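Each chain is listed here by its residues.
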Amino acid sequence: VPKQILEQVLRELRPLCIAEQLFIETFFQLSQNSAEPQVLEVSTSSPYSSLFNCMLFFLRPEEQTAQLLSEIFSSLDPELRCFLDVCNRAHPFSCLQVLVTLNDCIFEMWGNTSALPSSFLNTVLGNMLLLAKSSFNKCIGTLCKEIEEAKVPSKLKVGILPSVSRFEEFVNYSEAVFRMAQRRAELDKAHLRLADSVFNSISSLSSANLKGSTDMVMMENFHHVHCFLYQKKIQCLEGKKREAKQRYSEHMEKYVIRYLGQPLEKLNHFFEGVKARIAQGVKEEEISFQLAYSKQELRKVIERYPGKEVKRALETLYRKIHKYLTPEENLFPVVWHAVEQELLRQYQEFQDLIQRCYVGSGITMEFTMEDLLSYFSSITLSS
């Protein structure tokens with residue numbers, strides 16, 4: 001496990017580097033309190049003479065210490081870089097573990113008064129942290145591209161998209177890794193980037209050639225994202241959670257209105273025409289004098305919808321919804337209730353238009369509001 005290995009390396013490396021730093025400062029009498037450059041002369045009898053060949057360095061004490069330590073631990077930086085590279089190749093998300101471990105280690109060193117805040121190890125780990133952040137950003141960029149370019153399944157029931165599942169996988173993994181982390185600013189930014197990508201991925205379905213309703217698939221996936229974010233309770237994604245709920249509601253409304261109006265389709269078309277004429281300035285009492293919207297034409301349309309035909313159409317609609325909705329989201333009761341409410345609303349609207357535009361005609365629908373309610377109740381109970 002990269003995290004455990006790196007933690008062990010840092011535990012063993014930290015006291016070694018600090019001890020070596022203290023030894024150098026004591027041995028060469030390098031005062032960390034002095035701000036003036038000092039002359040460092042390494043005698044020929046010193047074990048460090050081979051490093052500098054008795055050269056004189058006009059450097060500040062901390063610079064002298066850092067120079068000596070960088071020579072002593074010359075292999076440390078490349079070895080750590082190599083380790084990070086191996087981690088990245090071993091698992092695509094290992095950069096998260098490395099980032100958390102380095103962040104926590106540096107925070108611990110800064111908060112530990114016994115450690116030297118300007119130590120050589122701080123500099124090395126700071127460089128490694130920058131490298132880890134770069135790897136993390138590349139990982140997120142690759143994942144965003146993967147999510148946005150994910151292919152839509154060709155099967156009859158599309159269900160939850162691969163891009164949504166991939167987003168969930170990363171969030172679950174990253175939250176587990178960052179659960180006890182000292183800071184999570186990088187992760188919060190990544191979550192927002194990925195959420196934007198998954199929303200774009202779902203929205204791109206509007207141009208996809210799906211076998212089922214596009215709005216249905218978008219409704220299910222935004223509902224799934226909302227439920228997932230509601231469970232995770234991630235502060236930075238609260239706005240995305242609300243947006244997902246809004247988008248889910250919008251697409252359910254479109255799905256119900258645009259694709260589930262078949263039970264009263266011709267009545268819908270007739271009264272849409274009536275409303276269009278009124279909007280164009282035709283008076284309500286003059287609508288019946290329009291050839292296409294005369295009392296005779298209205299009776300013809302109404303005759304096509306006796307109660308038994310409406311119930312049969314609703315039964316067909318019930319089976320259609322059940323066929324295409326995926327059971328995992330458990331949205332069927334919600335959608336079926338929305339269909340019921342929409343048809344009841346349409347019925348009431350039709351009745352109001354008849355009363356306003358065909359006054360005294362005696363024309364009524366061949367089924368009542370009570371009939372509609374009984375049809376829905378009967379279909380639901382018999383399923």
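Remember, predicted model here, so these are calculated numbers, not experimental data. Each chain has its residues counted from 1, following the order in which its sequence is written. Note on the predicted model: pLDDT of at least 70 is required for a residue's local features to be given, and 80 or more for side-chain atom pairs to be given and counted; whole-chain, interface and lining totals, by contrast, use all residues. Calculation of side-chain values draws on the structure's entire complement of heavy atoms; hydrogens and water are dropped beforehand.

Moving on, we get to the overall build of the chain. Secondary structure follows DSSP: runs of H or I at least 4 residues long count as helices, runs of E at least 2 residues long count as strands, and numbering of each begins at the N terminus. Regarding its fold elements, the chain presents 15 helices and two strands. Each residue's exposure class comes from its accessible area (1.4 Å probe, protein chains only) as a fraction of the maximum for that residue type: buried when under 20%, exposed when over 50%, partly exposed otherwise. The burial tally for the chain puts 45% of its 383 residues in the buried class. By sequence separation, contacts in the chain at least 24 residues apart represent 72% of the contacts at least 6 residues apart. Each accessible area is a Shrake-Rupley result for a 1.4 Å probe, and residues are judged covered by the shown protein chains and nothing else. When the accessible surface of the chain is split by element, carbon and sulfur atoms take 52% of a total near 20,600 Å². In what follows, residue pairs with any heavy atoms lying within 4.5 Å of each other are defined as contacts.

So, on to the packing of aromatic side chains. Each aromatic pair joins two rings of Phe, Tyr and Trp (for Trp, the six-membered one) with centres within 6.5 Å, and gets the label stacked for planes under 30 degrees apart, edge-to-face for over 60, and tilted for any other angle. Evaluated as defined, the whole model comprises 12 aromatic pairs. Relative to phenylalanine 228, the ring of phenylalanine 167 lies with its centre 6.3 Å away and its plane at 70 degrees, an arrangement referred to as edge-to-face. Of this pair, phenylalanine 167 sits in helix α7 (residues 162-177) while phenylalanine 228 sits in helix α9 (residues 214-232), and the two are 61 residues apart along the sequence. Looking at phenylalanine 167, the relative accessible area reads 2%, which means it is buried. Overall, phenylalanine 228 belongs to the buried group, its relative accessible area being 7%.

Scored from 0 to 100, pLDDT records how confident the predictor is in each individual residue. This prediction gives the chain a mean pLDDT of 84; 84% of its residues lie at or above 70. Averaged pLDDT values for the elements of the chain fall to 46 in strand β2 (residues 56-59) and rise to 95 in helix α8 (residues 185-203). Below pLDDT 50 for its whole length, residues 34-41 participates in 25 contacts with residues either more than four positions away or in separate chains. In this model, residues 48-58 is a region of pLDDT below 50 whose contacts with residues beyond four sequence positions or in other chains number 30 contacts.

What follows is about α7. Helix span is expected to be 1.5 Å times the residue number reduced by one. In this model, α7 (16 residues) spans 23 Å end to end at C-alpha, consistent with the 22 Å of a helix rising 1.5 Å per residue. Looking at α7, one finds that the buried residues are Ser163, Val164, Phe167, Glu168, Phe170, Val171, Ser174, Glu175 and Val177.

In this fold, glutamine 290 is placed in the loop between α11 (265-279) and α12 (295-303). Along the primary structure glutamine 290 and valine 274 are separated by 16 residues, whereas in three dimensions their C-alpha atoms are 9.4 Å apart.

Within the element layout of this structure, histidine 224 appears in helix α9. Taking the relative accessible area as the measure of exposure, histidine 224 reaches 19% and is therefore buried. Non-local contacts of histidine 224, meaning those with residues more than four positions away in its chain, are made with Ile160, Val164, Glu168 and Glu329.

The next subject is unusual backbone geometry. In this structure, lysine 233 is a non-glycine residue whose phi angle is positive, near 55 degrees. In this model, asparagine 330 sits at a positive phi of 55 degrees, which is unusual for a non-glycine residue. Looking at the secondary structure, you find asparagine 330 in the loop between α13 (307-324) and α14 (332-357).

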